[in-house]
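# Residue-level structural notes
So you can see what is in the structure, the chains are spelled out below.
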Amino acid sequence: MTTLDTRAPATATPSPAIDPPRRLLMGPGPIDADPRVLRAMSASLVGQYDPVMTQYMAQTQELYRTVFRTTNDATLLVDGTSRAGIEAAIVSLVSPGDRVLVPVFGRFGHLLREIAERAGAEVHVIEREWGTVFPTSELVAALDEVRPHLLALVHGDTSTTVAQPLEEIGAVCRERGVLLYADVTASLGGNTFAMDGWGVDAATAGLQKCLAGPSGSSPVSLSDRAVEVVRRRSSVEAGLRVLTDDDPDAVDRIRSNYLDLGQILEYWGPRRLNHHTEATSMLYAAHECARLLAEEGMDAAVARHALHGSAMVAGLSGLGLRLFGDQAHRMNNVVGVEIPDGIDGEAARAALLRDFAIEIGTSFGPLHGRIWRVGVMGYNARRDTVLTTLAALEHVLRTAGVPVTAGAGVGAALERYADAA
Ligand SMILES: *Cc1c(COP(=O)(O)O)cnc(C)c1O
């Protein structure tokens, strides 16, 4: 007979407590959370049907209507990182066999394509070189050719640092009866986004970019047209009856329980139907992220990202680095720069982290080893963080043998600030 040694775990050396070093996160996300958001997360828990919780949820919905610039009733949080929101939107809006058009201009376009394929869609992809965006005429031509049920695209793609203009495409989609979904994770809060004004039917985001929070909650908003599609396919409408294979509803039910936006809408709606248990501490975080943005004003938040982003651009140029990507469509909150010839980009990033506790971003796919990505977003879209990063980078570049003029980065950024004052 074998016996279980129950003493082993009790006598094992306990792990030390988590005590992370202080970092300045100047990459493409995550970034340092605003301390006010971290404080909100440490508040006491309440039960999921406590009237106080219901009130916080209603406030969160209202705050995100401001952030998304929408009057959509269906504005809520999906528990999970941004990808959970993306997947919830796509699996809830797309039935197997539906045509979905995905314009790809960076890494996250490939993600949308992959999720739509898994949802059983007939996916049509058009591609642009990384660092560029689609002219609207190209999107219109593809819409007319493919005649999709859904156009799914990324607004700002952090992998390439550029943002696809969306102002005009919503109206084009409406005329053709096409739903428009946009992943605004990277752009929201730091770049103008007008859900209703631009006619976007579904938008999803995350907290760890311009919203100044940790990852783990995905704000989502749906237009009435999108809600209609979701409700038709949600198992809430089908009730709890068991569907047989020859039942037409069975074929078209949303193929996820956790990410069924119809059920999540009922959980957030007046009926408060039980689905998951809302991630309370993340809701506190999401609430505070949106509250801070609403207090600042969305236009002011975008202007802040534009100012500090442009100071970072000036500083990096001052250090002699070449900017990457179509600058006319650069996002305010992340800058791509080419790694200078002859230096090891990863070694330089490691030195920046080791000696200055500053993190900047590497890059993916075709850009790997070619560019660094420097984020200026959320809580870190500030003058002191921009200047500190430039000063440290100057030192690291010089140590690596790159000829840089002393003070050239910080000086150029300060000039930019003086011009803006
Ligand atoms: C950063 C980013 C995400 C992040 O997704 P997570 O699930 O939160 O890691 C998604 N989409 C875009 C466009 C991004 O830039």
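Residues numbered from 1 in each chain as written. Predicted model: local features only at pLDDT ≥ 70, side-chain atom pairs only at ≥ 80, totals over all residues. Heavy atoms only, no water.

The protein carries the name Alanine--glyoxylate transaminase in an unreviewed UniProt entry, which gives Luteimicrobium xylanilyticum as its organism. Of the comments in the UniProt record for the protein, the one headed Cofactor (unreviewed entry) reads "pyridoxal 5'-phosphate". (UniProt positions renumbered as here; feature names shortened; annotations may be inferred.)

The next subject is the site of the ligand. By nearness alone, every residue bordering the ligand is listed as Thr81, Ser82, Arg83, Phe108, Val154, Gly156, Thr158, Asp183, Thr185, Ala186, Gln208 and Lys209. Note that an oxygen atom of the ligand is positioned 2.7 Å from one of the side-chain N or O atoms of Gln208. Notes on the ligand: free accessible area 380 Å², of which the protein chains cover 87%. Split by residue class, the shell around the ligand holds three nonpolar, six polar and three charged. (Near = heavy atom within 4 Å. Polar contact = N/O pair within 3.5 Å; in protein donor to acceptor, adjacent residues only side chain to side chain. Areas by Shrake-Rupley, 256 points an atom, 1.4 Å probe, with all protein chains shown as cover. Nonpolar A, V, L, I, M, F, W, Y, C, P; charged D, E, K, R; others polar.)

This part is about the UniProt feature "modified residue: N6-(pyridoxal phosphate)lysine" (unreviewed entry) in the protein. This chain's UniProt record puts "modified residue: N6-(pyridoxal phosphate)lysine" (unreviewed entry) on Lys209. As for its placement among the helices and strands, Lys209 is situated in the loop between β9 (202-204) and β10 (217-222). On the accessibility criterion, Lys209 (8% relative accessible area) is buried. Ignoring any residue separated from it by four or fewer positions in sequence, one finds Lys209 in contact with Pro28, Gly29, Ile31, Thr158, Thr185, Ala186, Met377 and Gly378. (Helix = DSSP H or I, 4+ residues; strand = E, 2+ residues; numbered from the N terminus. Buried < 20%, exposed > 50% of the residue type's maximum accessible area, 1.4 Å probe, protein only. Contact = heavy atoms within 4.5 Å.)

Quick look at the pattern of salt bridges now. Scanning all chains against the criterion turns up 20 salt bridges. Note that Arg69 is salt-bridged to Asp299, the shortest N-O span being 2.9 Å. Of this pair, Arg69 sits in the loop between α3 (51-68) and β2 (74-79) while Asp299 sits in helix α12 (residues 298-318), and the two are 230 residues apart along the sequence. When its relative accessible area of 28% is taken as the criterion, Arg69 is described as partly exposed. On the basis of relative accessible area, Asp299 is assigned to the exposed category, the value being 54%. Linking Asp355 and Arg354 is a salt bridge whose minimum nitrogen-to-oxygen distance equals 3.1 Å. (Salt bridge = Lys/Arg side-chain N within 4 Å of Asp/Glu carboxyl O.)

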